[in-house]
Amino acid sequence: MLKGKHIVVGISGGIAAYKIPELIRILRKEGAEVKVTTTKNALEFVTELTLQTLSGNKVYSDVFAAINEHSTEHISLPDWADVMIVAPATADLIGKMAHGIADDALTTTFCAMCKPVVIAPAMNDKMYLNPATQEAMRKLSGQTNVTMLDCVAGELACGTTGKGRMQEVNVLAESIRYALTNKDLENKNVLITSGPTQEAIDPVRYLSNHSTGKQGNALALSCWRRGANITLIAGPVSALPSVPLFYGCKEQLDIIPVTSAAQMAEQTLEQFEHADIAILCAAVADFAPTETAQEKIKKQPGQTQMTLALKTTTDIAATLGKTKRTGQKLIGFALETCNEQSHALHKMESKQLDMIVLNSLQDQGAGFGCNTNKVTLFFNNGTKKDVPLQSKEDIADCIVDSINLL
Ligand code: C5P
């Protein structure tokens, strides 16, 4: 979603400045154009050459430099930008920005910026707790175009441990995507199930499937960026989405980890009551062992076969379909290997879904594990929409755009 976006990266003189070249790489890899402005002190921590090479543009750090493209870079940069991120923002810089002081390249640019700005503070824990710093952060977080991030606790460069660390660069990139997104799901409660389930056979073995939870994670982030409150009920997956921590707010992405279909059913049925939208992306096991052996099942001498008795699990989607209130939107997924369309349409009808997302394992680059997907959306009014092969993040955005039209 950052493709073609113009991003100004403002760097001040904190040790966390060493991480910003990596942020610039992430942004450019996604197709954004980046221009950098710095305070004088920032260049003590990261070189102008590094920033110029990685951004592909001249660095704006001296208001009076003769080499500046325009004589008024602090106006042309905000005009060019779609968004600005200030990272790291030191206590000194935060104090200046909060009070309208504009005495160098970075602060003059910030002062002239009416478009979205993300501020990522980083400082020593005592400087963070200083009432003047806190007041400045509060003031900036109330500015309508500013997304004020918080510091996180951890090891600090001065050797102590406390709250003062800058948030990680992948999370900063996420905060830029957030700042650029229309809040068309503001205050909506979105419930998402994701990943596989594991059905224990004995203490060592289980039945499961190849789901990795990537599409579910992408859906959670897409809805989060639009201002929704997210509850993600995730089966065992290797990666979960992380979102930035905003100043003065509690964590906004509620993740409930579960293992079995029974646990997923219990949590999802409980959470559904509060949901405006439920997206059931999880690959829930349809069958689980009738009994879980207490000890590891042993192979007997000469044994050539084993029969495992299975029972059906609760169909979460069908249960929610029966209980959903007017106004609640219920979206399901279908992963099929044959007669895809008719299976998907049957599932939508029998589970009383408002929309179903069909993946076919026959499509190259779609389904389990890949970073891309190709889906068809079927709506309960009889219409459908083909969404061509693209990243799971872009697929998630298309799905959520369609949910908004239901
Ligand atoms: O397993 P099936 O293909 O029927 O799954 C279709 C949809 O039903 C998916 O959205 C899946 O998350 C949901 N489902 C469920 N509970 C089950 C099985 C499937 O919610 N036990």
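Residues numbered from 1 in each chain as written. Predicted model: local features only at pLDDT ≥ 70, side-chain atom pairs only at ≥ 80, totals over all residues. Heavy atoms only, no water.

**Looking at the overall build of the protein**
This is how the line gets drawn: By the criteria applied, helices consist of DSSP H or I runs no shorter than four residues and strands consist of E runs no shorter than two, each listed in order from the N terminus. Here, residues are in contact when the closest pair of their heavy atoms is within 4.5 Å. Here, Shrake-Rupley sampling with a 1.4 Å probe gives the accessible areas, and only protein chains in the shown set may cover a residue.
When you go through the protein residue by residue, the secondary structure sums to 13 helices and 19 strands. Projecting the C-alpha coordinates of the protein onto the three principal axes gives extents of approximately 80 × 50 × 40 Å. Sequence-distant contacts, at least 24 apart, represent 68% of the contacts inside the protein between residues at least 6 apart. Carbon and sulfur atoms make up 51% of the accessible area of the protein, which amounts to about 19600 Å² in all.

**Focus on the site of the ligand**
Basically, it comes down to this: Whether a residue is near a molecule or strand depends on its heavy atoms: it is near if one of them lies within 4 Å of it. N or O atoms within 3.5 Å of each other form a polar contact, as long as, within protein, one can give a hydrogen and the other can take it, and as long as residues adjacent in sequence are counted only when both atoms are side-chain atoms.
The environment of the ligand is made up of 14 residues, and the closest members are L280, A282, F333, K347 and K351. In this structure, A282 approaches the ligand through a main-chain N or O atom, which is 2.7 Å from an oxygen atom. Expressed as a share of its isolated accessible area of 440 Å², the protein-covered part of the ligand is 90%. At the level of elements, α11 (316–323) and β16 (329–336) are the ones that each hand at least two residues to the shell around the ligand.

**Looking at the packing of helix α4 (residues 91–98) against helix α7 (residues 131–141)**
Definition in use: What counts as an axis is a line fitted to C-alpha atoms, over the stretch in contact for a helix, and the angles between N-to-C directions run from 0 to 180 degrees. Any angle that is under 35 degrees is reported as roughly parallel, and any over 145 degrees as roughly antiparallel; angles of 65 to 115 degrees are reported as roughly perpendicular and all others as oblique. Each helix crossing is assigned a hand: it is left-handed if the near helix lies turned anticlockwise from the far helix by less than a right angle, otherwise right-handed if that turn is clockwise. Throughout this entry, Asp, Glu, Lys and Arg are counted as charged residues, while Ala, Val, Leu, Ile, Met, Phe, Trp, Tyr, Cys and Pro are counted as nonpolar. The remaining residues, Gly among them, count as polar.
In the contact formed by α4 and α7, the axes pass within 9 Å of each other and the chain directions differ by 50 degrees. Classified by the angle their axes make, α4 and α7 are oblique. Crossing of α4 over α7 shows left-handed handedness. Every residue of α7 that contacts α4 at A91, I94, G95, M97 and A98 is listed here: T133, A136, M137, K139 and L140. Residue composition of the contact of α4 with α7, grouped by class: seven nonpolar, two polar and one charged.

**Observations concerning the domain arrangement of the protein**
Applied cut-off: Throughout the structure description, domain borders are defined by an automatic or database domain assignment. Throughout, the accessible surface (probe 1.4 Å) given up by two parts as they are put together, summed over both, is called the buried area. Whenever a carboxyl oxygen of Asp or Glu lies within 4 Å of a side-chain nitrogen of Lys or Arg, that contact is scored as a salt bridge.
Its domain assignment divides the protein into domain 1 (6–180) and domain 2 (189–285 + 310–404). The C-alpha centroid of domain 2 is placed 36 Å from the C-alpha centroid of domain 1. With 17 residues of domain 1 in contact, the opposing surface of domain 2 contributes 10 residues. In total, about 1200 Å² of surface goes out of reach between domain 1 and domain 2, with carbon and sulfur atoms giving 63% of it. Seen at the junction of domain 1 and domain 2, the total is one salt bridge. Close ionic contact of R225 with E174 constitutes a salt bridge, the shortest N to O distance being 2.7 Å. Summed over the shared surface of domain 1 and domain 2, the number is five residue pairs in polar contact (both at pLDDT 80 or more). Listed by contribution, the elements that provide at least two residues to the side of domain 1 that touches domain 2 are α7, β5 (146–148) and α8 (169–179). It is α8 that contributes the most residues to the side of domain 1 that touches domain 2, five residues altogether. Residues that form the side of domain 1 that touches domain 2 fall into these classes: eight nonpolar, five polar and four charged.

**A word on the nonpolar core**
Note the threshold: The nonpolar core is taken to be a set of buried Ala, Val, Leu, Ile, Met, Phe, Trp, Tyr and Cys residues, with the residues joined through side-chain atoms within 4.5 Å. We call a residue buried when its accessible area falls under 20% of the maximum for its residue type, exposed when it is over 50%, and partly exposed in between, using a 1.4 Å probe and counting protein chains only.
Membership of the largest hydrophobic core comes to 64 residues, with the highest contact counts inside it found for V9, L27, V190, L219, I230, I279 and I399. Residues lining this core come from more than one domain, with at least three contributed by each of domain 1 (6–180) and domain 2 (189–285 + 310–404). If near-sequence neighbours (up to four positions away) are discounted, I279 is found in contact with V190, L191, I192, T193, L219, C223, I331, F333 and I403. Grouped together as the second largest cluster of nonpolar side chains are 28 residues, V86, A89, A91 and Y247 included.

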